[in-house]
Amino acid sequence: MSNDSFFDEQKEQSLVKARIVEKYFRVWANVIIREIKKRKNQGEKVDERIAYIDLFAGSGRYKDGSKSTPIKVLETAISDPDMRNMLKTLFNDADPEHTNSLEAAIDEIPGIENLKYKPHISNYEVGEKIVGTFEKLKLVPTLFFVDPWGYKGLSLKLINSVVKNWGCDCIFFFNYNRINMGLGNAKVQEHMNALFGKVRGDELREELQQLNSDERELTIIEAICKSLQEMDRKYVLPFRFKHENGNRTSHHLIFVSKHFKGYEIMKRDVMAKESSEQNQGVPSFEYNPATIRQPLLFEISRPLDDLEQMLMDEFAGQTITMQEIYMQHNVGRSYISKNYKTALINLESQGKITAEPPVNKRKKNTFADSVKVTFPPKQ
């Protein structure tokens, strides 16, 4: 499976993937640290540690010598006084050559000695034993990055075990090509069932027999997202990576959280901004090299127009605030808050909805979260 390693990918995609994790880590850590300080100031007894765990950490460098995620996360922590004193890190990889190289790369980071907690490096196969350990622990707020080369070690139980406690989120690598092939391979049925659950795995294998390649991908991603959401109603957000020619998917990064705040930050502030395309201001939530080189070929759909019609249909006859519309409608869709505001401004200018306060009592081209919208009943 090493041919599909994170470290063998094209530099362009690898950098985007590492940047998504690094950006989210920075924002996530700052949000959690502020909450810990708030609770402490209110007199609560709180654990003042946060953690970052990478279960398939690799060697610390890409083949071209550029820094991988563990190094970037540690550099982020070193640059921030609070993170320096609060962050614990665990970097695991089953390959001792990788961990030896990673340890050397970490030792070379300027200021690494300023971290209160020295990075911990381990050599374990990721499987039932590690899952059992996490299930028993009450974890401090932790960001997990799970990046297996194929699918071995990746399971619903693993993800559930690491996001069960407050402040714990997970970003994992979903090797679509490997998993697509694995679902039709009886020899790896156990691994597939660990990832989708046996009942859904059996249903998925049956359903995929009738589908073309595009339908297969949508169905597989939908299945993994539903499996994750069923565990304590978690928020799930996939980000797709395309091959160089833009015709086939190589893999997805999938984000999992129990809290809407984490979902919104990852969606609006990280993945939306790393998308290679924005159509009518709506992010694609994918990195596709072809859309950068040939953007006109991909201006096919009109997602903002679709959103306007969806809002007219789904909120017909209701009076509801912009924030309530956004909270009720955006989860599981590509739209971010500014798309809803644009859509509502457009609908108001067309006379299809009314708003309070009306447009002449608001700043030009604004639509605050508190603005109340009245939708006409369905005709």
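Quick note: structure is the one above.
What counts as what
- Residues numbered from 1 in each chain as written.
- Predicted model: local features only at pLDDT ≥ 70, side-chain atom pairs only at ≥ 80, totals over all residues.
- Heavy atoms only, no water.
- Helix = DSSP H or I, 4+ residues; strand = E, 2+ residues; numbered from the N terminus.
- Rg over C-alpha atoms; globule rule 2.2 N^0.38 Å.
- Buried < 20%, exposed > 50% of the residue type's maximum accessible area, 1.4 Å probe, protein only.
- Contact = heavy atoms within 4.5 Å.
- Areas by Shrake-Rupley, 256 points an atom, 1.4 Å probe, with all protein chains shown as cover.
- Lys, Arg positive; Asp, Glu negative; His and termini not counted.
- Charge placed at Lys NZ, Arg CZ, Asp CG, Glu CD.
- Polar contact = N/O pair within 3.5 Å; in protein donor to acceptor, adjacent residues only side chain to side chain.
- Axes fitted to C-alpha atoms, helices over the stretch in contact; angles between N-to-C directions.
- Parallel < 35°, antiparallel > 145°, perpendicular 65-115°, else oblique.
- Phe/Tyr/Trp six-rings, centres within 6.5 Å; stacked < 30°, edge-to-face > 60°.
- Lys NZ or Arg CZ within 6 Å of the ring centre and 35° of its normal.
- Left-handed = near helix turned anticlockwise from the far one by under 90°.
- Nonpolar A, V, L, I, M, F, W, Y, C, P; charged D, E, K, R; others polar.

K.L.:
Describe the overall build of the chain, and please don't skip the residues or the numbers.
P.N.:
Helix and strand counts for the chain stand at 15 helices and 13 strands. In terms of overall size, the chain behaves like a compact globule, its C-alpha atoms giving a radius of gyration of 22 Å where 379 residues would be expected to give roughly 21 Å. Here the C-alpha coordinates of the chain stretch approximately 65 × 60 × 40 Å along the principal axes. Every one of the 379 residues in the chain was classed for burial, and the buried ones make up 51%. The long-range share in the chain, meaning contacts at least 24 apart out of those at least 6 apart in sequence, stands at 69%. When the accessible surface of the chain is totalled, it reaches about 18500 Å², and 48% of it is carbon and sulfur. When the 55 basic and 53 acidic side-chain charges of the chain are each reduced to a single mean position, those positions are 5 Å apart.

K.L.:
Tell me what's going on with the side chain of Ser155, and back it up with residues and numbers.
P.N.:
Its place among the elements puts Ser155 in the loop between β4 (142-146) and α6 (156-162). Residue Ser155 is classed as buried on the basis of its relative accessible area, which comes to 10%. A polar contact of 3.0 Å, which involves the side chain of Ser155, links it to the backbone nitrogen of Leu158. Setting aside its immediate chain neighbours within four residues, Ser155 contacts Val131, Ala194 and Leu195.

K.L.:
So what's going on with the packing of helix α9 (residues 198-208) against helix α10 (residues 213-229)? Residues and values would help.
P.N.:
Where α9 contacts α10, the two axes come as close as 11 Å, and the packing angle between them is 170 degrees. Put simply, α9 runs roughly antiparallel to α10. Between α9, through Arg200, Leu204, Glu207 and Leu208, and α10, the contact on the second element is made entirely by Arg216, Thr219, Ile220, Ala223, Lys226 and Ser227.

K.L.:
Any chance you could break down the packing of aromatic side chains for me, citing the residues and the numbers?
P.N.:
Throughout the structure, instances matching the rule amount to 14 aromatic pairs. Plain terms: the ring middles of Phe134 and Phe144 are 5.4 Å apart, the flat faces sit at 85 degrees to each other, and that makes the pair edge-to-face. Here Phe134, found in helix α5 (residues 128-136), pairs with Phe144, found in strand β4; they are ten residues apart in sequence, far enough to count as distant. Overall, Phe134 belongs to the buried group, its relative accessible area being 7%. Residue class for Phe144 comes out buried when judged on its relative accessible area of 0%. An aromatic cluster of three or more residues is present, and its members are Tyr235, Phe260, Tyr263, Tyr326, Tyr335 and Tyr340. Between the NZ or CZ atom of Arg39 and the centre of the ring of Trp166, over which it lies, the distance is 4.2 Å.

K.L.:
Please provide a residue-by-residue account of the side chain of Ser122, values included.
P.N.:
Among the secondary structure elements, Ser122 is positioned in strand β3 (residues 120-122). Looking at Ser122, its side chain comes within polar contact range of the side chain of Asn92, at 2.8 Å. With near-sequence residues (within four places) excluded, Ser122 lies in contact with Leu90, Phe91, Asn92, Asp93 and Thr99.

K.L.:
Go over the packing of helix α14 (residues 322-329) against helix α15 (residues 337-349), please, and point to the residues and values.
P.N.:
Following both chains from N to C, one finds α14 and α15 inclined at 125 degrees, their axes separated by 10 Å at the closest point. In terms of axis orientation, α14 runs oblique to α15. As for the relative orientation of α14 and α15, their crossing is right-handed in sense. Residues Met322, Ile325, Tyr326 and His329 of α14 form the contact with α15, whose participating residues are Ser337, Tyr340, Lys341 and Leu344. Looking at the contact of α14 with α15 residue by residue, the classes come out as five nonpolar, two polar and one charged.

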